Amino acid sequence: MENKKKVAFYTLGCKLNFSETSTIARSFQNEGFERVDFEEVADMYVINTCSVTENADKQFKQIVKKAMKLNDKAFVAAVGCYAQLKPEELAAVDGVDLVLGATEKFKITDYINDLVKNDMGEVHSCEIEDADFYVGSYSIGDRTRAFLKVQDGCDYKCTYCTIPLARGISRSDTMEGVLKNAKEISAKGIKEIVLTGVNIGDYGKGEFGNKKHEHTFLDLVTELDKVEGIERLRISSIEPNLLKNETIDLVSKSRAFVPHFHIPLQSGSNDVLKKMKRRYMRELYIDRVAKIREVMPHACIGVDVIVGFPGETDEHFLETYNFLNELNISYLHVFTYSERDNTEAATMEGVVPMNVRSKRSKMLRGLSVKKRRAFYENQIGTNRTVLFESENKEGYIHGFTENYVKVKTPWNPELVNTLHDIYLTKIDEDGMVRFDFVNVEV
């Protein structure tokens, strides 16, 4: 019997990329390839790139180098967002044989014939206008949770963002498609599904390959809540203007949706929000947080924020800092603004010096630590449910409660991927929470 060709994958960037890598990997397995770890010698290495993370090109070069070190005859393919935006740049990297853009990445197995290395990276990238069809995907690692893609692309025109250029217009999976994938995941014994997309609150748009749509995000969460066998559903990140009261109410009464919201803010200054072309003002954000707190006081609320956007003065930054400091939220994801080609913001005046950007970022990261601590302290003395992860970390097993409090207890393999009722007792010196099991012999 001939040896199977081996393929390895490396994913940069967001949860959506992880779910798409898994789908691409499954297409290789269907073609008779064996999937191996990226640290292993393989015949082919596929790198799923990102255009959002800092130093995307530098990271990419290092990963290619790593692959070439493992096998200098290996065939290397770059796919994904950065491959769509800067295909020539990636093709010129030593060792790269194939670069596939937004629509081609799902048909990668059609482009590889003999896995013979090319002298120069071959590029197949569409005009982004052609990225108008939808490919459903979900990722299952060895994780206790799966990322389920429900939507792709974005119609928003935020001035700092390249995602519409990298992923195309907003389009969605059909309701049947999402529910079918959810059932497949549940059948594999996975306990938690995280819904992902570029702009998931926009779900429904492009469901039939045009702008007509029958379903909304509320319909989607209503139907998913009924899928049997899924213990937990989590909404990954949703725009404040698309997070409707009805959705918040549904989550508060839901069987499976957990009280955890991640809502991008980007700035606490209305002046800056306008320059970013965000679709709301800070007042709406206050209103969304208040609504969540009203029906789910114990909910975890995470916030994305960008510092150092062009024209952000010290006053604007302090406005953001004070706004977040006073807001009843649980943690922050802080991004330092970095210029991106072909975006409006890249040509704006009032460039903030790098050292000022990093100082602001540090201040907000400090605030995030304080916020998370306060949130955890607030949860001590409450009963929660934990889903345990699969790793043994220095003799401990970790898990997350439904409202995203990270907990730990001495390692016990029987706890892996199981749910338990617990009582939160204290915060450990490493910032994680300790607990007692409720009515259970462990």
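Residues numbered from 1 in each chain as written. Predicted model: local features only at pLDDT ≥ 70, side-chain atom pairs only at ≥ 80, totals over all residues. Heavy atoms only, no water.

S.K.: Is there a simple way to explain the packing of helix α12 (residues 314-326) against helix α13 (residues 354-379) in this structure?
M.R.: Axes are the key here: two packed helices are described by the angle between their axes and the distance separating the axes. Two elements in contact, α12 and α13, have axes whose closest approach is 11 Å; the angle formed by their N-to-C orientations is 5°. Between α12 and α13, the interaxial angle falls into the category roughly parallel. Mapping the contact onto sequence places Asp314, Phe317, Tyr321, Leu324, Asn325 and Glu326 in α12 and Arg360, Met363, Leu364, Leu367, Lys370 and Lys371 in α13. Across the contact of α12 with α13, the residue classes break down as six nonpolar, one polar and five charged. (Axes fitted to C-alpha atoms, helices over the stretch in contact; angles between N-to-C directions. Helix = DSSP H or I, 4+ residues; strand = E, 2+ residues; numbered from the N terminus. Parallel < 35°, antiparallel > 145°, perpendicular 65-115°, else oblique. Contact = heavy atoms within 4.5 Å. Nonpolar A, V, L, I, M, F, W, Y, C, P; charged D, E, K, R; others polar.)

S.K.: Looking at this structure, I do not really get the sheet that holds strand β15 (residues 331-336). What am I missing?
M.R.: Hydrogen bonding along the main chain pairs the strands of a sheet, whether they run parallel or antiparallel. A sheet is described by the order of its strands in space; here three strands give the open sequence β13-β14-β15, paired in parallel fashion. Only two strands of the sheet have a single partner each, and these edge strands are β13 (260-266) and β15. The sheet shows a mean angle of 20° between the axes of neighbouring strands, taken without regard to direction. Two strands pair when backbone bridges link them, and β13 and strand β14 (residues 300-307) are joined in this way by six bridges, in the parallel orientation. Bridge pairing in β14 links His260 to Cys300. Those strands touched by α13 are β14 and β15, and its axis lies near 170° from that of β15. (Pairing = 2+ DSSP bridges.)

S.K.: Help me understand the sheet that holds strand β6 (residues 122-124) in this model?
M.R.: Across the sheet, which stays open at both edges, the six strands sit in the order β2-β1-β3-β4-β5-β6 with parallel pairing between neighbours. Edge positions in the sheet fall to β2 (34-36) and β6, since each of these pairs with one other strand and no more. When the angles between neighbouring strand axes are averaged without regard to direction, this sheet yields 20°. The sheet contact formed by strand β3 (residues 44-49) and strand β4 (residues 75-80) spans six bridges and is parallel. Opposite Met44, over in β4, you have Phe75 as the bridge partner.

S.K.: What should I look at first to understand the confidence of the model for the protein in this one?
M.R.: In low-pLDDT regions, the fine details of the predicted coordinates are not to be read closely. Considering every residue of the protein, the mean pLDDT works out to 91; 95% of them sit at 70 or more. At the low end of the mean pLDDT range in the protein sits β6, at 82; at the high end sits helix α11 (residues 282-295), at 98. (pLDDT = per-residue confidence, 0-100.)

S.K.: Explain helix α8 (residues 217-224) to me, please; I cannot follow it from the model alone.
M.R.: Because each turn of an α-helix spans 3.6 residues, side chains separated by three or four positions in sequence point in the same direction. Residues of α8 that are buried include every one of Phe217, Leu220, Val221 and Leu224, and no others. Axial view of α8: buried residues confined to an arc of 90°, hence all on one face. (Buried < 20%, exposed > 50% of the residue type's maximum accessible area, 1.4 Å probe, protein only. Arc of directions from axis to C-beta.)

S.K.: Help me understand the environment of Glu104, please; the structure alone is not making it clear to me.
M.R.: Checked against the element boundaries, Glu104 lands in the loop between β5 (98-100) and α5 (108-111). In this structure the C-alpha to C-alpha distance between Glu104 and Gln29, which are 75 residues apart in sequence, comes to 18 Å.

S.K.: Teacher, can you tell me more about a negative patch on the surface here?
M.R.: Taken together, Glu127, Glu129, Asp130 and Asp132 make up a surface patch of like negative charges. Along the chain, the position of Glu129 falls in the loop between β6 and β7 (138-139). Here Glu129 falls in the exposed class, since its relative accessible area comes to 58%. (Patch = residues over 30% accessible without salt bridge, like charges linked within 9 Å, V, L, I, M, F, W, Y side chains within 5 Å. Areas by Shrake-Rupley, 256 points an atom, 1.4 Å probe, with all protein chains shown as cover. Salt bridge = Lys/Arg side-chain N within 4 Å of Asp/Glu carboxyl O. Lys, Arg positive; Asp, Glu negative; His and termini not counted. Charge placed at Lys NZ, Arg CZ, Asp CG, Glu CD.)

S.K.: Would you mind going over the pairing of β15 with me for this structure?
M.R.: Successive residues of a regular strand alternate their side chains across the two faces of the sheet. Pairing analysis gives six bridges linking β14 to β15, with the strands arranged parallel. Bridge assignment links Val305 to a residue of β15, and that residue is Val334.

S.K.: So what exactly am I meant to see when it comes to the packing of aromatic side chains here?
M.R.: The geometry of an aromatic ring pair is captured by the separation of the ring centres together with the interplanar angle, meaning the angle of the planes. Within the structure shown, the criterion is met by 14 aromatic pairs. Aromatic pair Tyr160 and Phe309: ring centres 6.3 Å apart, planes at 85°, arrangement edge-to-face. You can see Tyr160 sitting in the loop between β9 (151-152) and α6 (163-167) and its partner Phe309 sitting in the loop between β14 and α12, a full 149 residues away along the chain. There is no split in this pair, since Tyr160 and Phe309 are both buried. We note Arg26 situated over the ring of Tyr138; from NZ or CZ to the ring centre the distance is 4.2 Å. (Phe/Tyr/Trp six-rings, centres within 6.5 Å; stacked < 30°, edge-to-face > 60°. Lys NZ or Arg CZ within 6 Å of the ring centre and 35° of its normal.)

S.K.: I would appreciate a short explanation of the side chain of Arg171 in the present structure.
M.R.: Summarising the element assignment, Arg171 is placed in strand β10 (residues 171-172). Overall, the relative accessible area of 4% leaves Arg171 in the buried class. Within the local environment of Arg171, its side chain forms a polar contact with the backbone oxygen of Arg167, the two atoms lying 2.8 Å apart. For Arg171, the side chain forms a polar contact with the main-chain oxygen of Ile169, separated by 2.7 Å. (Polar contact = N/O pair within 3.5 Å; in protein donor to acceptor, adjacent residues only side chain to side chain.)

S.K.: What is the right way to read the pattern of salt bridges from this model?
M.R.: Should their charged atoms come close, side chains of opposite charge can pair. Counting across every chain of the model gives 31 salt bridges. Across the pair Glu20 and Arg167 runs a salt bridge whose closest N-O atoms are separated by 2.9 Å. Here Glu20 is found in helix α1 (residues 15-30), whereas its partner Arg167 is found in helix α6, with 147 residues between them in sequence. The class of Arg167 is buried, set by a relative accessible area of 3%. Of the charged contacts, one joins Asp287 and Arg288 as a salt bridge, the two residues approaching to 2.8 Å between their closest N and O atoms. Since its relative accessible area comes to 40%, Asp287 is described here as partly exposed. When salt bridges that share partners are traced, they join Glu20, Lys105, Lys149, Asp152, Arg167 and Arg171 into one network.

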